[in-house]
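Coordinates in review
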Amino acid sequence: MGAVRVGLGTIAREWGRIGCIGFGGPPTHIALLRKLCVERRGWIAASEFEDSITATNLLPGPASTQLAILTAWRLRGVPGALVGGVCFIVPGLVLILALAALFLSGNPPLWVRGAAAGAGSAVAAVALQAAWSLAPASWKRAGTDRPARVRWAGYALAGGTAAALTGPWLVLVLLAAGLAEVAVRTRGRQGPGRRVVSWPLLVAAPALGGGTLALAWVALKVGALSYGGGFVIIPLMQADAVDRYHWMSDGQFLNAVALGQITPGPVVQTVAVVGYAAAGVWGGLLAAVVAFGPSFLFVVFGGRHFDGLRASERVQAFFTGAGPAVIGAIAGSAIPLASALRHGWQYAVLAGALLWLLAARKGVVSALCGAGALGVVAALVGWAVV
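My aim in this report is to walk through the structure given alongside it, one point at a time. (Residues numbered from 1 in each chain as written. Predicted model: local features only at pLDDT ≥ 70, side-chain atom pairs only at ≥ 80, totals over all residues. Heavy atoms only, no water.)

Quick notes on the overall build of the protein
This is how it is decided: In DSSP terms, a helix is any run of H or I states spanning at least four residues, a strand is any run of E spanning at least two, and both are numbered starting from the N terminus. Only the C-alpha atoms count toward the radius of gyration. The rule for a globule is 2.2 Å times the residue count to the power 0.38. Throughout this description, buried means an accessible area under 20% of the type-specific maximum (1.4 Å probe, protein chains only), exposed means over 50%, and partly exposed covers the range between. By the convention used here, residues are in contact when the closest approach between their heavy atoms is within 4.5 Å. Within this scheme the basic residues Lys and Arg register as positive and the acidic residues Asp and Glu register as negative, but His and the chain ends are omitted. By convention, the point assigned to a charge is CZ for Arg, NZ for Lys, CD for Glu and CG for Asp.
Of the regular secondary structure elements, the protein holds 19 helices and 0 strands. In terms of C-alpha radius of gyration, the protein reaches 20 Å, essentially the compact-globule figure of 21 Å for 386 residues. With the principal axes as the frame, the protein shows a C-alpha extent of 65 × 50 × 45 Å. Across the 386 residues in the protein, those meeting the buried criterion constitute 53%. A sequence separation of at least 24 residues applies to 74% of the contacts in the protein between residues at least 6 apart. Here the protein contributes 28 positively and 12 negatively charged side chains, and the mean placements of these two sets differ by 1 Å.

Right, here's the structure in full:
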């Protein structure tokens, strides 16, 4: 932990401000935290901040949220981590629950239904853009030798196939890819290492029954197994929320993903919309608490060990294998997301969003807001939106 000791009131104010203006996902959150902690206040050295980014990227769960918690922990220990993390998460959580109440109400206004149908149309394009943006760094990490790159392609294909076909069992594929790479890269070497990656198997199995326990289980999988970025929650949640427990329709799930993208704060807050659909406001709050809980625990109990985590060959190997599987899963999730669309005009919006994001390289928030606006127009001219 750094030598600078910052007041909890200051942490609450500054981390809350970032939680309010952090539109655009992890790149925006990282930039705002760097500007605050390194450039403007000088609380954390540039090298220490970069090390924090690397450490949080090695952990399962929402990386930018963990970075917010970790930087606050470095400034004020456990109280700082709790205050900073909560203040970073709460603004977006309040907004997304309010929007969930609007979009998931029994009889929303016509323009709301149109905006939802339009924004939902672009979600598959956002998934493809997210996978595309993650691929270069993961490909570089795999190394330059041919067998490593063949394995990378195999892991990505496995992840994509699992996301499209296997639903909640996707997590087993992600774990298997990571463990396979550990086995390859540490073959014939001695020393303990299994416990680094074996604990998530407990939460890999699908929940039994339904109700509050099922909701908590789904949220736990989201918070503990979202390797590689928040967008991997889509294939993790979709089969449970739509097919297994029937908390929401395909269209409502598209809306949930869109709301998670256009609100400030971490994308993982999408799970709060699923929780709201399952059990109202208290369900949304429960899902958020369970999903973000692992991030706080990782930092509070493991923060001082992050340097050792970064140095572990087995941990590095695990994420070298799990990374491409995650990318494949994010890309593969575009298939069920696109198949959930019902109307021809929605596919036209999806095509436009693909061009906007991948060809023009514009931002996700503008793509979703633009798609939502087109949906409002479609509703007002009389096109079907449900």
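What about the nonpolar core?
Going by this rule: Only buried residues count toward a nonpolar core. Its members are Ala, Val, Leu, Ile, Met, Phe, Trp, Tyr and Cys residues joined through side-chain atoms within 4.5 Å.
Counting 114 residues, the largest nonpolar core has Trp15 and Phe253 as its most contacted members. At 15 residues, the largest contribution of residues to this core is made by helix 4 (residues 63-103). Other than its neighbours up to four places away in sequence, tryptophan 15 contacts Leu33, Leu36, Cys37, Trp43, Ala68, Thr71, Ala72, Leu75, Gly84, Cys87 and Phe88. Counting residues in each nonpolar core, the second largest holds 8 residues, with Leu58, Leu175, Ala317 and Ala322 among its members.

Let's talk about helix 4
Applicable threshold: By definition here, a helix of n residues has an expected span of 1.5 Å times n minus one. Note that the bend at a residue is defined as the angle between axes fitted to the seven residues ending at it and the seven residues starting at it.
Relative to the 60 Å expected for 41 residues at 1.5 Å per residue, helix 4 spans just 28 Å between its end C-alpha atoms, considerably shorter than the ideal helical length. The sharpest bend along helix 4 comes to roughly 145°, located at arginine 76, with the proline proline 79 sitting one to four residues further on.

Observations concerning a nonpolar patch on the surface
As a reminder of what qualifies: What goes into a patch is any residue over 30% in relative accessible area without a salt bridge, connected to like charges within 9 Å or, for nonpolar side chains (Val, Leu, Ile, Met, Phe, Trp, Tyr), within 5 Å. Methods summary: accessible areas were calculated by the Shrake-Rupley approach with a probe of 1.4 Å, and residue burial reflects only the protein chains presented. Here, a salt bridge means any Lys or Arg side-chain nitrogen found within 4 Å of an Asp or Glu carboxyl oxygen.
A contiguous nonpolar surface patch, about 230 Å² in accessible area, is contributed by Val86, Val90 and Val94. For valine 86, the position within the fold is in helix 4. Residue valine 86 is classed as partly exposed on the basis of its relative accessible area, which comes to 41%.

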